[in-house]
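Summary of the model geometry
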Amino acid sequence: MGRYNPQAMTAPSDSLVEFTDLLRGFGRVPVLAGVSGQARTGQVLLVTGSNGSGKSTLLRCLAGLLRPQAGTIRLREDGRELDAVERRRRVGYVAPDLAFYEPLTAEENLTFFCRLRGVPARRAVELLATLGVPARRAAGALSSGMRQRLRWAWALLHQPRLLLLDEPFQNLDEAGEAAVRTLLDSHLEDGLAVIATPSPLLVPRLAATLDLSRHHAASDRPTAGRAGTA
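What counts and how
- Residues numbered from 1 in each chain as written.
- Predicted model: local features only at pLDDT ≥ 70, side-chain atom pairs only at ≥ 80, totals over all residues.
- Heavy atoms only, no water.
- Phe/Tyr/Trp six-rings, centres within 6.5 Å; stacked < 30°, edge-to-face > 60°.
- Buried < 20%, exposed > 50% of the residue type's maximum accessible area, 1.4 Å probe, protein only.
- Helix = DSSP H or I, 4+ residues; strand = E, 2+ residues; numbered from the N terminus.
- Pairing = 2+ DSSP bridges.
- Axes fitted to C-alpha atoms, helices over the stretch in contact; angles between N-to-C directions.
- Contact = heavy atoms within 4.5 Å.
- Parallel < 35°, antiparallel > 145°, perpendicular 65-115°, else oblique.
- Left-handed = near helix turned anticlockwise from the far one by under 90°.
- Nonpolar A, V, L, I, M, F, W, Y, C, P; charged D, E, K, R; others polar.

When we look at a pair of aromatic rings, we describe it by the centre distance and by the angle of the planes. What the rule picks out here adds up to 4 aromatic pairs. Ring geometry for Phe112 against Phe113: centres 5.3 Å apart, planes inclined by 70 degrees, an arrangement best described as edge-to-face. We classify Phe112 as partly exposed; its relative accessible area is 26%. Judged by relative accessible area, which is 15%, Phe113 ranks as buried. When the centroid spacing of 5.8 Å and the interplanar angle of 80 degrees are considered together, the rings of Phe113 and Trp154 count as edge-to-face. Note that Phe113 is positioned in helix H4 (residues 106–117) and Trp154 in helix H6 (residues 144–156), a separation of 41 residues in sequence. For Trp154, a relative accessible area of 13% puts it in the buried group. Through a chain of ring-to-ring contacts, the aromatic side chains of Tyr101, Phe112, Phe113 and Trp154 assemble into a single cluster.

Dropping the structure here:
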C-alpha cells in the first residue's frame, strides 16, 4: 500500500476523481453503461440507485479492483495522475463485504495493515479509540456494527485523499454513525469522497447526485466486449 507521509497528507491538496462513459458488464448482463461523474477536494459525489443498479461495481472500478470494459477513470493528486495500481494503494475503501482475519484482534488486524502500508502502529490505536472499537477483541467476535467501525478505521489508516464508501453507515448505531460522520467531516477538509447508497442519505458538502437507476433502466442490452482504459 502507499507509504505514510504525514506532511504530504496534511498539506493543502488539489485532488480530482473523474470518470467518463464507463461500461462494465458481467457476461451478457450490463451493469454500468455510459456512466460519468466527478468530485474534487472538499466534495462528495453521492451515487444512488436500487439494488443491482451498479453502485458497488462503480466503486470497485474507481478503486482499481475492476477494470471497466470501456470509458476512462482519472484520479489526480497534486496535479499528478494515478494509474489503476496506484489507485488500489492510495484510496480508502469501505464496503459491506470487506472482511478481516477473524482470529486476530481488531488491533492486530490494523497493525498488520499498518506494516503493509508503512503507517505507524499508533495510527491504528488512535483510530480504534476514536471509533470506540474494542482493540483486544477478536475480529470474529465483533458485532456487525463494530465490524463496520473497523472497516472505517482500515480505510482511514493511511489518510487517503479519496474515500470510496459503499453503504458507509450500514449497521451503525447512533454513536457509531456520529463518530464516522465526524471523521468524514474532517476528511473533507483536504479530501473527497464518493458515497454509494440505495436510500436517501444526508451527507456534507454534496457536489452532485448520480442516480444509477436511470442508467441501469436504459442499458437493458448486451454489453460490448471491447477493452477500455482505466
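Of all residues except glycine, most have a negative phi; of all peptide bonds, most are trans. Residues other than glycine seldom take positive phi values, yet Gln159 does so here, at roughly 50 degrees. Locating Gln159 in the fold gives a position in the loop between H6 and strand S7 (162–166). Overall, the relative accessible area of 23% leaves Gln159 in the partly exposed class. Residues other than glycine seldom take positive phi values, yet Asn171 does so here, at roughly 70 degrees. Along the chain, the position of Asn171 falls in the loop between S7 and helix H7 (174–187). Look at Asn171 and you get partly exposed, because its relative accessible area is 44%.

What follows concerns the sheet that holds strand S8 (residues 192–197). Taking strand neighbours across the sheet as the criterion, the 5 strands line up as S6-S7-S8-S3-S9 in an open arrangement whose pairing is parallel. The open sheet has two free edges, formed respectively by strand S6 (92–94) and strand S9 (206–211), since each of these has just one partner strand. In this sheet, neighbouring strand axes are inclined to one another by 15 degrees on average, regardless of whether the strands run parallel or antiparallel. Here strand S3 (residues 44–48) pairs with S9 via 5 bridges, running parallel. Its bridge partner lying in S9, Leu46 is registered against Thr209. Along the sheet, helix H2 (residues 55–63) makes contact with S3, S6, S7, S8 and S9, crossing S7 at roughly 155 degrees. Against the sheet, H6 touches S6 and S7, its axis set at about 165 degrees to S6.

Moving on to H2. Judged by how many residues are buried, H2 sits mostly within the fold: 7 of 9 residues are covered. Taken together, the buried positions of H2 are occupied by Lys55, Thr57, Leu58, Leu59, Cys61, Leu62 and Ala63. Immediately beyond the C-terminal end of H2, within one or two residues, lies Gly64, with a positive phi of roughly 85 degrees.

Taken in spatial order, the 4 strands of this open sheet run S2-S1-S4-S5, and their pairing is antiparallel. Edge strands, defined here as strands with exactly one partner in the open sheet, are strand S2 (29–40) and strand S5 (80–82). Sheet twist, expressed as the mean angle between neighbouring strand axes with direction ignored, is 25 degrees. In the sheet, strand S4 (residues 70–77) pairs with S5 via 3 bridges, with the strands oriented antiparallel.

Once that is clear, we can look at the packing of H6 against H7. Two elements in contact, H6 and H7, have axes separated by 11 Å at closest approach and are oriented at 15 degrees. Taken together, the axes of H6 and H7 are roughly parallel relative to one another. Considering the relative orientation of H6 and H7, their crossing is left-handed. The segment H6 lies against H7, with Arg149, Trp152 and Leu156 engaging Ala175, Gly176, Val180, Leu183 and Leu184. Grouping the constituent residues of the contact of H6 with H7 by class yields 6 nonpolar, 1 polar and 1 charged.

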